[in-house]
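Structural overview for review
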Amino acid sequence: MVSIPVEVEALARVLGRHPDFRVQRRLGRFERAGLPGLEVGVVTGVALDVETTGFDPAQDRIIELAMQRFTADADGRIVETGPMLAFLEDPGVPITGAITEVTGLRDADVKGRAIHDGEAVGTLLGADFVVSHNAAFDRPFVEARLPEAAGLAWACSLNDVDWSELGFEGRTQSQLICQIGGFYDAHRASVDVNALLHLLDHGISGGATVLSRMLANARRASFRLEAHGAPRSASDALKARGWRWSPGRRCWTIEVDARRRDEEVDWATIRVYGATDAPVVVEVDWRTRHGC
């Protein structure tokens, strides 16, 4: 401890200028009240996160849902935010110790609580897109619990951003926040949503933001290849090439752009099926991507 009165921020600034140290700052509440003159080409999003009783949306339940509406300008800068909405919900089954360890939530915290469906659905329907840091996990849970909000446009800050191309190591939200100089107490939904907004608003080269890069990728059309009935002997080859097993579809899948589609279809036709069959090709966009 320093034995004389000293401003903490002054210490941080001095330490931050030293080449052998890096200062990490706790993330504050992300709030933007609106900036005049930046309303051309605006887009409205909802940053979202869920905590659940498990990993299977067919049988597990949401125990916490948090979301915050925001508006961004044409360059991807967040210029205005709405209030943070956070709902706890009683799943009707005991919360396991493993889930409590991750989320901090216990049965007593959620007893008798419920998501306000009208407020949650209205917030989602009033936006141009929804974003979370793992949309393939969050979206199926949200659509199972709030079917009126199914079929919306979704973006994923985990998979719709090429983090390695931007010079980042790792892809978890806490790792990425650390690399932009921040830290936070993760794993409560509202805290994670706040961190997500900080991450989306982070500036990258050329005056762009993470949000603008993510949206450019999320809006693109692509193709999902589905290898139904693939022999077990092909599993290692599929996995090594980047295909992933989809429990919901009960098949191996991969998403590729138009340039790779024919090449990947030909590879699977020969390598997986021995020229006796071919993968199913489904065109997807951000209204169908990251779903079950």
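Described below are features of the structure shown in this document.

About the cut-offs
- Residues numbered from 1 in each chain as written.
- Predicted model: local features only at pLDDT ≥ 70, side-chain atom pairs only at ≥ 80, totals over all residues.
- Heavy atoms only, no water.
- 1 Å grid on protein atoms, 1.4 Å probe; cavity = no way out; pocket = protein on both sides within 12 Å on 5 of 7 lines; lining within 4 Å.
- Points joined across faces, edges and corners; volume = space filled by probe spheres on them.
- Helix = DSSP H or I, 4+ residues; strand = E, 2+ residues; numbered from the N terminus.
- Nonpolar A, V, L, I, M, F, W, Y, C, P; charged D, E, K, R; others polar.
- Core = buried A, V, L, I, M, F, W, Y, C linked by side-chain atoms within 4.5 Å.
- Buried < 20%, exposed > 50% of the residue type's maximum accessible area, 1.4 Å probe, protein only.
- Salt bridge = Lys/Arg side-chain N within 4 Å of Asp/Glu carboxyl O.
- Pairing = 2+ DSSP bridges.
- Axes fitted to C-alpha atoms, helices over the stretch in contact; angles between N-to-C directions.
- Contact = heavy atoms within 4.5 Å.

1. Some points on the layout of surface pockets
With a probe scaled to a water molecule rolled over the atoms, the places where space remains empty come into view. Volume-wise, the largest pocket comes out at about 1,500 Å³. Within the residue set of the lining of the largest pocket, elements represented by two or more residues are α5 (135-145), β8 (222-227), β9 (244-246), β10 (251-256) and α10 (258-272). Tallied by class, residues from the lining of the largest pocket come to 16 nonpolar, 13 polar and twelve charged. Here the second largest pocket is characterised by a volume of approximately 610 Å³. In terms of lining, the second largest pocket is formed by 25 residues, of which the most central are D49, V50, E51, H187 and D192. Of the residues forming the lining of the second largest pocket, the biggest block, five residues, is contributed by strand β2 (residues 43-52). Considered class by class, the residues forming the lining of the second largest pocket number eleven nonpolar, nine polar and five charged.

2. Structural notes on the nonpolar core
In this structure, F70, F129, V131, L200, L211 and M214 are the most contacted members of the largest nonpolar core, which totals 33 residues. Every element with two or more residues in this core is listed here: β2, β3 (62-72), β5 (129-132), α6 (173-179), α7 (189-200) and α8 (210-218). Core analysis: the next-biggest nonpolar cluster, separate from the first, contains 23 residues, V50, L65, A135 and W154 among them.

3. A look at the pattern of salt bridges
By the definition in use, this model includes 20 salt bridges. Notably, a salt bridge pairs E143 with R139, separated by 2.9 Å at the nearest N-O pair. Placement of the pair is E143 and R139 together in helix α5, with a separation of four residues, close to one helical turn. Judged by its relative accessible area of 3%, R139 falls in the buried class. We note a salt bridge from E255 to R289, for which the minimum N-O separation is 2.5 Å. Separated by 34 residues along the polypeptide, E255 in strand β10 and R289 in the segment after β11 (280-284) bring together distant segments of the chain. What makes E255 partly exposed here is its relative accessible area of 33%.

4. Description of the sheet that holds β9
Sheet architecture is open: four strands sit in the order β9-β10-β8-β11, paired in antiparallel fashion. Of all the strands in the sheet, just β9 and β11 have a single pairing partner and so form its edges. Taken pair by pair, the neighbouring strands of this sheet meet at an average axis angle of 35°, ignoring direction. Judged from the five bridges that link them, β8 and β11 form a sheet pairing that is antiparallel. Looking at the pairing, L225 lines up with V281 of β11. α10 rests against β8, β10 and β11 of the sheet, and its axis sits at about 145° to β10.

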